[in-house]
Amino acid sequence: MTTRKLLRVLEGESLSTPPVWLMRQAGRYLPEYRATREKAGGFLDLCYNPDLATEVTLQPIRRFGFDAAILFSDILVIPDALRRNVRFVTGEGPRMDPIAPAGIAALDPSHAQAHLSPVIETVERLRAELPEETALIGFCGAPWTVATYMIAGRGTPDQAPARLFAYRHPQEMAALLALLAEMSADYLIRQLRAGADCVQIFDSWAGVLDEISFQRFSIAPTRRIVERVRAAVPGARIIGFAKGAGPLLSAYREGTGVDAIGLDWSVPFSHAAALQGQGPVQGNLDPLRLIAGGRALEEGVDAILEHLGRGPLIFNLGHGITPDAPIAHVEALLRRVRGQ
Ligand SMILES: Cc1c2[nH]c(c1CCC(=O)O)Cc1[nH]c(c(CCC(=O)O)c1C)Cc1[nH]c(c(CCC(=O)O)c1C)Cc1[nH]c(c(C)c1CCC(=O)O)C2
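Rules used throughout
- Just so you know, the residues in each chain are numbered from 1, in the order the chain's sequence is written.
- With the structure being a predicted model, the display of local features is reserved for residues of pLDDT at least 70 and the display and counting of side-chain atom pairs for 80 or more, all residues being used for whole-chain, interface and lining totals.
- The criterion for a residue being near a molecule or strand is simple: its C-beta atom, placed using the backbone, must lie within 6 Å of it.
- Each residue receives one of three labels: charged for Asp, Glu, Lys and Arg, nonpolar for Ala, Val, Leu, Ile, Met, Phe, Trp, Tyr, Cys and Pro, and polar for the others, Gly being one of them.
- The exposure scheme places C-beta atoms from the backbone and then counts, for each residue, the other C-beta atoms within 10 Å of its own, assigning buried at 20 or more, exposed at 12 or fewer, and partly exposed in between.
- Note on conventions: DSSP H or I runs of at least 4 residues are helices, E runs of at least 2 residues are strands, and numbering of each starts at the N terminus.
- DSSP calls a pair of strands paired once it identifies at least 2 bridges connecting them.
- UniProt positions are given in the numbering used here, feature names are shortened, and annotations may be inferred rather than shown by experiment.
- Any residue pair is listed as a contact if its two C-beta atoms, each placed from the backbone, are within 7 Å.

A few points about the site of the ligand
(1) Moving on: What surrounds the ligand is a group of 21 residues, the closest being Ala26, Gly27, Phe202, Ser204 and Gly320.
(2) Moving on: Residues of the shell around the ligand, tallied by class, amount to eleven nonpolar, six polar and four charged.

Quick word on the pairing of strand β9 (residues 313-317)
The side chains of a regular strand alternate, first on one face of the sheet and then on the other.
(1) Moving on: Taken across its five residues, β9 has five buried, putting it largely inside the fold.
(2) Moving on: What you see with β9 is no split at all: Leu313, Phe315 and Leu317 on one side and Ile314 and Asn316 on the other are buried throughout.
(3) Moving on: Bridging between strand β8 (residues 281-285) and β9 involves five bridges; their strand directions are parallel. For Gly283, the partnering residue across the bridge sits in β9 and is Phe315.

Focus: the UniProt feature "site: Transition state stabilizer" (unreviewed entry) in the protein chain
(1) Moving on: Taken from the UniProt record, the annotation "site: Transition state stabilizer" (unreviewed entry) applies to Asp74.
(2) Moving on: By the element assignment, Asp74 lies in the loop between β1 (68-70) and α5 (77-81).

Here's the deal with the environment of Tyr187
(1) Moving on: On the secondary structure map, Tyr187 appears in helix α10 (residues 170-194).
(2) Moving on: For Tyr187, a count of 25 C-beta atoms within 10 Å corresponds to the buried category.
(3) Moving on: Through-space distance from the C-alpha of Tyr187 to that of Val119 is 9.6 Å; in sequence the pair is 68 residues apart.
(4) Moving on: Excluding residues within four positions of it along the chain, Tyr187 makes contact with Ile78, Leu116 and Cys140.

Rendered as structure tokens:
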């Protein structure tokens, strides 16, 4: 049996102390990350540098002893592999050339495999360097979430450009999501073969979709990825994180076939417990409770353990950790979850 607690939970086991990791656990709240990031040059240079990407993945493991490491990369390496001129502007977030409906047919995935090879090398190095008991999580963005950035050319508050594009140009949208699903499946298969123990699919913008669109743009392409990954890597474990999907999460789990679902902090405990009856859940502390610390943090952690602690549970935030998270509060969270 595996010593990796995260994998045991993904196999359906309930543990008295849940495994814990934090989305975006390698990042700017750590001084050692900021130092490595400066050495790398640009953010994408860091993602494609196996030495430095391995180093920043390991930093939060060394410092905090999380139960899982997540590969250091970004969901936008896929549009970067499609030569969309992706760049990260400090203080402004990601930018790329917006894609028009007429441009979809010309997207060329033939460079992707070579382009993403440094990330796969990072996975290989990580598996060799991580402690035996630490699980390694690979990841990709869900086609819908990646498409929102490709269409707008940047992040937007409600992804209106991608939603309008989908209503006005359904065929082009279907073609874009199909292309992204195939590329993402190839990419996850390579990560798993290189040593990732499981993978997470981030659909951070699932919550802006109505029910019809959620079925079409979130569930269906994710299902395609899950089927292809499982066909290539039998028994592969997959976590799906459809942020903001709320009442549609049960349909999401059934429709996609993922093993575990990530919950954001808006999911009520009654709903979360019902979902847990169908399989493992991951989440769902409000990241702002971590910033505030003290009573707000303790109360949030205790409530999750009380309502979901009987498992199967992977303890996590309900979204990524932010640069202003105090390190002492991360330590306090870990002590509380682990009952130390
Ligand atoms: C939507 C999304 C992106 N990237 C990601 C998502 C899905 C999860 C989510 O919703 O947060 C996923 C992601 N991004 C990053 C990771 C690495 C692994 C980890 O979780 O530690 C992961 C899993 C590194 C990163 N990705 C990014 C950083 C910060 C860049 C820097 O160091 O300058 C990191 C550490 C940049 C990024 N990348 C993206 C945005 C919108 C931004 C800018 C926002 C920001 O600055 O925090 C796209």
